[in-house]
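Here is how the chains run, residue by residue.
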Amino acid sequence: MPFVAATRSLGRAGLFSLSVLRASKPTADFLAELVREIYKIGARSLPIIAVGGAFVGLSVTLLGYRALDTYGASNQISALVGLGLYRELAPVLTALLFIGRAGSSIAAELGLMRATDQITALGLMAIDPVAKAVAPRFWAAVLTVPLLTGIFISLALAAGWWASTRTAQHLGVSDPGAVVWDEVVAFWIVLWLLMPAAWWAQLYEALAPLVVSGTDAEELGALPVPRVDGRRNLGARGLVIAPAGVAAPWAPTVHPDAVHPLLERLGAQSVGAGELLAHDDLVAALADAAEHGTDDEVADLADSVLALLAADPEAVLSAEASRELLLPDVDGEPVHVDELLLADSPLAAILADDLPFAIVDEQLAERFGGDVLRRAGVGWGFLTVAEQWPTAPDHDLHDEERWWAGLSEQPPSMTAVRDLDLVPDDRWSDALALMANDPATALLLADRAGYTAWWLREHARINGREVRSYRRPDAEVLAGIVDPLDHPDAAALGGILVDDVVADVATAALILTNLGDADRPILPGAVVRGYGEVVAAIARGDVDVHELDVLLSGVPAARALDGSVIDDGTGRDAVVIDASQYLSVVAADLAVVAGLPVTADAARELADVLDLPLASDALTARVVSTGRTTTWDADADALRFAAGHGGDQPRGEVVVHDGLLVATDSGEYRVNRWVDANGAVHVDVLGYGGRHAD
C-alpha cells in the first residue's frame, strides 16, 4: 500500500540520519575528509551560485521597481530586494542550485561506490562506510550552504545596485541616486539581524547630518529600526520612543540603545508613560498574558505597567486594562486587580468580617507604593462596574434585577458600586463616608435614578433605621416631618436622602406616616408643606397612588392645620379644605390643608389618600346676613374690597354685605367672602367705606 511504503521510507530515512549523527566523530581523518568535501561541493559551486545570484538581483530590481513605481511606492524597492532575498529567495534558490550541482555529484559518487563494491570493501576492512563516505559530505553541505547563501545575497544586491545605476534613465527615474540609496539600504537590511541596537544608533548619528529635507527623510523611509522586543522594523513610522528607564512590550517601541533624534524626524513618536498606558494593544497583551502566559511573563508585564504608572503621577490605568491586569496576592498567586485590596485600605476594615477580596502582595506594595497600585485598579475603596449601553441586569450586582425592572427605559450607560450587600448594618456610617470622599463613587451617591443610590435607599441602615428615612440637613421644607441625618457627609448623599421635593413613592409614604405620628411635634406650616409636597408629587406623576396605598398598608392618621393628629379612628368631623373660604368656618383642629394655595384638585387627591371628606361635601353652609346685589363695576365699596384682597379686577354680579355671616351646623361665622351653592359671590365691605353694623 502507498501509505505503508511511504511510512517505511520515512522510517528508513530517519534511521539513516541517526546513523550519520552517530558516525560523526571529530577525528583527524574525519576533519581532513571534511575539508576536501567543503572544497569539492562548496568552492566548486561558487560559479553557479554567483551567476544565479546576479541574475536574480537584476530581475527583482528591474521588475520590482516597475511594479512599485506604478503605485508610488518606488522608495520601498530596498525592502523588496533586501527582505525578499534575505528571507525567501536566497535560501531557497541557493539550496536548489546546491542540490542541482553538488547534490547530484554526491549522489553519483555514492552510487558508483555502491556499484563497484567500494562500500562493501570498507565494511570488510572494518571501516564504517557511513563515517567514511557519508558523514563528511553531510557536514560539508551543512557548513557550506549558509555561506553560499550569503554569497548569493551579496552578488544579488551588487547586481541590483548595478542595474539601478546603469538603467536609471531607461526606467524613467529622475533621481538615480534614490535607487542607488535604496540598494544601500537593502544591504543594511541583510545585516539587521546581525548588528546590535547600539550599532544602529551610531549609524543614525552618521546619517543625521545628511537628512536636511523631507525628501531626504523619505529616502530613509525603509531604514531598519531595532525594537525592544528583538524584532526589526522597516522604517521609523508607527514606532514609539518610550521614556528612559521604562518598557512597554505591548507597543512597537524603539530599543532604548538605538534611540536617536533622527528617528523622530523619520516618523517615530516620542510618547510619555500615560500615552503608553493608553495604547490600544495593552488590553490585548494583558488578556493574552493572563490566559496563555507563564507566571514570569505575567509578572514582567505587570511590572512594566506599574513602572509606567510610577513614572507619571497623573496616569491612571483604564478600566478595560485593569480588568485584565494580574498582580500577586499575599500568597504569591496572580489575581485580577479588581479582586485585590491594599492591606491598609478602609474598605478592608469595613468588610473585615466578610472580606471577599485578596490582599495585594506586601513586597509589591512596598516597591511601588499604595498610590501606584490604586491607580492600577487595586482596591482602596469600593469598586465599581461600568458599561456603555447596558441591555440587561447581568453585572452580578445584588438585587440588580429589581432595580432594572423599575426603570422606565434602558439607560445609555451604567456605573455602579459593587459588593454593597457585604457591608454590615453597623458600619454603614463609615461606608457612606468612604464612598462620599472617593471621586470614583461620590457622584453615584447623587444619582437618584442610578443603581447605587437606589440600592442604598432600599437596604442601607444607620442607627437601626433605613437611610432613606432621613433628610438632608439643608432640606428645610420637611423640617420636623423627616429627621435630618447626622453624618459629616450628609450633603453628598443627595440621591439617597429625602430632599425638599418628593421624588418617589417611598418618600411620600414616609411623609404621610410621620405626619400621622402623634409623638412627633410638627409646626402647622410644616404640616401644610408636607401634604402639599405629597400632592404635588402625585400630580407630577412621580408618585403612583396605588403603589402608595400598598406601601402605607392602611390609611394613615391625618394631621390638622393646628398640628394636632386626628387619630380617634373616626376622624371626628375632620375635612380636607378644598376652597379657602372653608378655613373661616372649620376649626383648625379639624381642617386638613393640602398645601397652599388651596386648590380643589389637590384637596381631592389628599382626601382620597387620607379617606377624609372634602369640606364642600361635608359641610352645609348658607349665608344668613342680608346684602345688596350689584355689580363689581357699579359698586365702589366692592371694588375697594377687590383691591384690598389683590388679584385681577373682577366683573359680573356681587352681593355686598355690611357684615357677612355664614351659618353651618356648628354655628354662625363672620367671613370676608363666600361663594354660595348657586355660585353667587358674597363679600363683606365693612371697613372698606361701607355702612358699619350696629
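As a convention, each chain's residues are numbered from 1 in the sequence order in which they are written. This being a predicted model, a pLDDT of at least 70 is required before a residue's local features are given, and a value of 80 or more before pairs of side-chain atoms are given or counted; all residues contribute to the totals for chains, interfaces and linings. As a rule here, side-chain values cover all heavy atoms of the structure and leave hydrogens and water aside.

Turning our eyes to something else, we now look at helix α21 (residues 439–446). Using a 1.4 Å probe on the protein chains alone, a residue whose accessible area is under 20% of its type maximum counts as buried, one over 50% counts as exposed, and one in between counts as partly exposed. Helix numbers and strand numbers start at the N terminus; a helix is a DSSP run of H or I with at least 4 residues, a strand a run of E with at least 2. Within the sequence span of α21, burial applies to Thr441, Leu444 and Leu445. The buried side chains of α21 occupy one side of the element, clustering within an arc of 105° when seen end-on. Exposed positions of α21 whose direction lies more than 90 degrees from the buried face are Pro439 and Leu443. Two residues form a contact once any of their heavy atoms are found within 4.5 Å. In this structure, the buried side of α21 is in contact with β9 (384–388), β10 (413–417), α20 (428–436) and α22 (451–459). Relevant arc is that of directions from the helix axis to the C-beta atoms, nothing else.

Turning to the packing of helix α23 (residues 505–515) against helix α24 (residues 524–540), a few remarks are in order. Each pair of packed helices can be described by the angle between their axes along with the distance between the axes. Between α23 and α24, whose axes approach to 10 Å, the crossing angle comes to 150°. With respect to α24, the axis of α23 lies roughly antiparallel. In the packing of α23 onto α24, the handedness of the crossing is left-handed. The segment α23 lies against α24, with Ala508, Ile511, Leu512 and Leu515 engaging Val527, Gly530, Tyr531 and Val534. The nonpolar class holds Ala, Val, Leu, Ile, Met, Phe, Trp, Tyr, Cys and Pro. Asp, Glu, Lys and Arg form the charged class, and all remaining residues, Gly among them, are polar. Here the contact of α23 with α24 is built from residues that sort into seven nonpolar, one polar and no charged. Think of each axis as a best-fit line through the C-alpha atoms, taken over the contacting stretch in the case of a helix, with angles from 0 to 180 degrees between the N-to-C directions. Roughly parallel refers to an angle under 35 degrees, roughly antiparallel to one over 145, roughly perpendicular to one between 65 and 115, and oblique to any angle outside these ranges. Handedness of a helix crossing follows the sense of rotation of the near helix relative to the far helix, less than a right angle counterclockwise being left-handed and clockwise being right-handed.

Between any two strands, pairing holds if DSSP finds at least two bridges. Across the sheet, three strands lie side by side as β19-β22-β23; this open sheet has antiparallel pairing. Edge positions in the sheet fall to β19 (622–623) and β23 (667–671), since each of these pairs with one other strand and no more. Pairing of β19 with strand β22 (residues 660–664), which is carried by two bridges, proceeds in the antiparallel orientation. From the neighbouring strand, Arg622 faces β22, where its bridge partner is Ala663.

Turning next to the side chain of Asp489. Structurally, the position occupied by Asp489 is in the loop between β14 (483–484) and α23. Setting aside chain neighbours within four positions, we find Asp489 in contact with Ala433, Ala436 and Asn437.

Turning to the packing of α20 against α21, a few remarks are in order. It is at 6 Å that the axes of α20 and α21 come closest, and there the two elements cross at 110°. Classified by the angle their axes make, α20 and α21 are roughly perpendicular. When α20 is examined against α21, the residues Leu432, Leu434, Met435 and Ala436 are found in contact with a partner set consisting of Thr441, Ala442 and Leu445. Here the contact of α20 with α21 is built from residues that sort into six nonpolar, one polar and no charged.

What follows concerns a nonpolar patch on the surface. Together, Val92, Leu96 and Ile99 make up an exposed nonpolar region whose accessible area comes to about 290 Å². Relative to the assigned elements, Leu96 resides in helix α4 (residues 77–115). Patch members must show over 30% relative accessible area and no salt bridge, and they are joined within 9 Å when carrying like charges or within 5 Å when they are nonpolar side chains of Val, Leu, Ile, Met, Phe, Trp or Tyr. Surface accessibility in these figures is a Shrake-Rupley result with a 1.4 Å probe; residues are shielded only by whichever protein chains are displayed. When a carboxyl oxygen of Asp or Glu lies within 4 Å of a side-chain nitrogen of Lys or Arg, that pair is called a salt bridge.

The complete set of buried residues in helix α9 (residues 197–207) reads Ala197, Trp200, Ala201, Leu203, Tyr204 and Leu207. Looking straight down α9, one finds that the buried residues subtend no more than 160° of arc, so they occupy a single side. Turned more than 90 degrees away from the buried face of α9 sit Gln202 and Ala206, all of them exposed.

This brings us to the nonpolar core. The nonpolar side chains of soluble globular proteins are, as a tendency, buried together. Take the buried residues of types Ala, Val, Leu, Ile, Met, Phe, Trp, Tyr and Cys, join any two whose side-chain atoms come within 4.5 Å, and each joined set is a nonpolar core. One finds Phe382, Leu420, Trp428, Leu432, Met435, Leu456 and Ile496 to be the most contacted residues of the largest nonpolar core, which totals 40 residues. Per-element accounting of this core gives the leading share, six residues, to α20.

With that out of the way, let us pick up the packing of aromatic side chains. Any two rings among Phe, Tyr and Trp, with Trp reduced to its six-membered ring, count as a pair given centres within 6.5 Å; such a pair is stacked if its planes are under 30 degrees apart, edge-to-face if over 60, and tilted if neither. The tally for this structure, following the rule as stated, stands at seven aromatic pairs. Here Trp200 and Tyr204 contribute two aromatic rings whose centre-to-centre distance is 6.3 Å and whose plane-to-plane angle is 35°, an arrangement assigned as tilted. Taken as a pair, Trp200 and Tyr204 lie in helix α9 at a separation of four residues, close to a single helical turn. When the centroid spacing of 6.3 Å and the interplanar angle of 35° are considered together, the rings of Tyr451 and Trp454 count as tilted. Placement of the pair is Tyr451 and Trp454 together in helix α22, with a separation of three residues, close to one helical turn. Residue Trp454 is classed as buried on the basis of its relative accessible area of 12%. The ring of Tyr470 carries Arg465 above its face, with NZ or CZ at 4.3 Å from the centroid. The criterion for a charge sitting over a ring is simple: Lys NZ or Arg CZ within 6 Å of the ring centre, and within 35 degrees of the ring normal.

This next bit is on the pattern of salt bridges. Two side chains bearing opposite charge may form a pair once their charged atoms approach each other closely. All chains considered together, the criterion is met by 19 salt bridges. Among the salt bridges present, the one from Asp371 reaches Arg375, with a minimum N-O distance of 3.0 Å. Residue Asp371 and its partner Arg375 are both found in helix α18 (residues 370–376); the two are separated by four residues, about one turn of the helix. On the basis of relative accessible area, Arg375 is assigned to the buried category, the value being 10%. Between Arg670 and Asp684 there is a salt bridge whose closest N-O contact spans 2.5 Å. Highlighted residues: Arg670 in strand β23 and Asp684 in strand β25 (residues 681–684), separated in sequence by 14 residues.

Our next topic: unusual backbone geometry. Cis geometry is found at the peptide bond from Leu596 to Pro597, where omega equals -5°. Topologically, Pro597 is positioned in the loop between β18 (591–592) and α26 (600–610). A positive phi is found at Asp399, a non-glycine position, where the angle reads about 60°. On the secondary structure map, Asp399 appears in the loop between β9 and α19 (400–405).

The next point concerns a negative patch on the surface. Where like charges cluster on the molecular surface, the negative patch consists of Asp288, Glu291, Asp295, Asp296, Glu297, Asp300, Asp331 and Glu333. Looking at the negative patch, the elements with two or more residues in it are α13 (281–292) and α14 (295–311). Per-element accounting of the negative patch gives the leading share, four residues, to α14. The exposure class of Glu333 is partly exposed, given its relative accessible area of 48%. The positive count covers Lys and Arg only, the negative count covers Asp and Glu only, and His and the chain ends enter neither. Every charge is mapped to an atom, namely NZ of Lys, CZ of Arg, CG of Asp or CD of Glu.

On to the sheet that holds strand β24 (residues 673–675). Within the open sheet, the four strands sit side by side as β20-β21-β25-β24. Their pairing is mixed. Every other strand in the sheet has two partners, leaving β20 (627–631) and β24 as the edge strands with one partner each. Averaged over all neighbouring strand pairs, the angle between strand axes comes to 25°, with direction disregarded. Of the pairings in the sheet, the one linking β24 to β25 comprises three bridges and is antiparallel in character. When the bridges of β25 are listed, Arg673 appears paired with Val683.

With that out of the way, let us pick up the pairing of strand β21 (residues 653–657). Here β21 lies mainly inside the structure; four of its five residues are buried. Looking at chain direction, β20 and β21 are connected through five bridges and run antiparallel. Across the sheet, the residue bridging to Thr631 is Glu653, located in β21. Taken together, the three bridges between β21 and β25 define a ladder with parallel strand orientation. Bridge pairing in β25 places His657 opposite Asp684.

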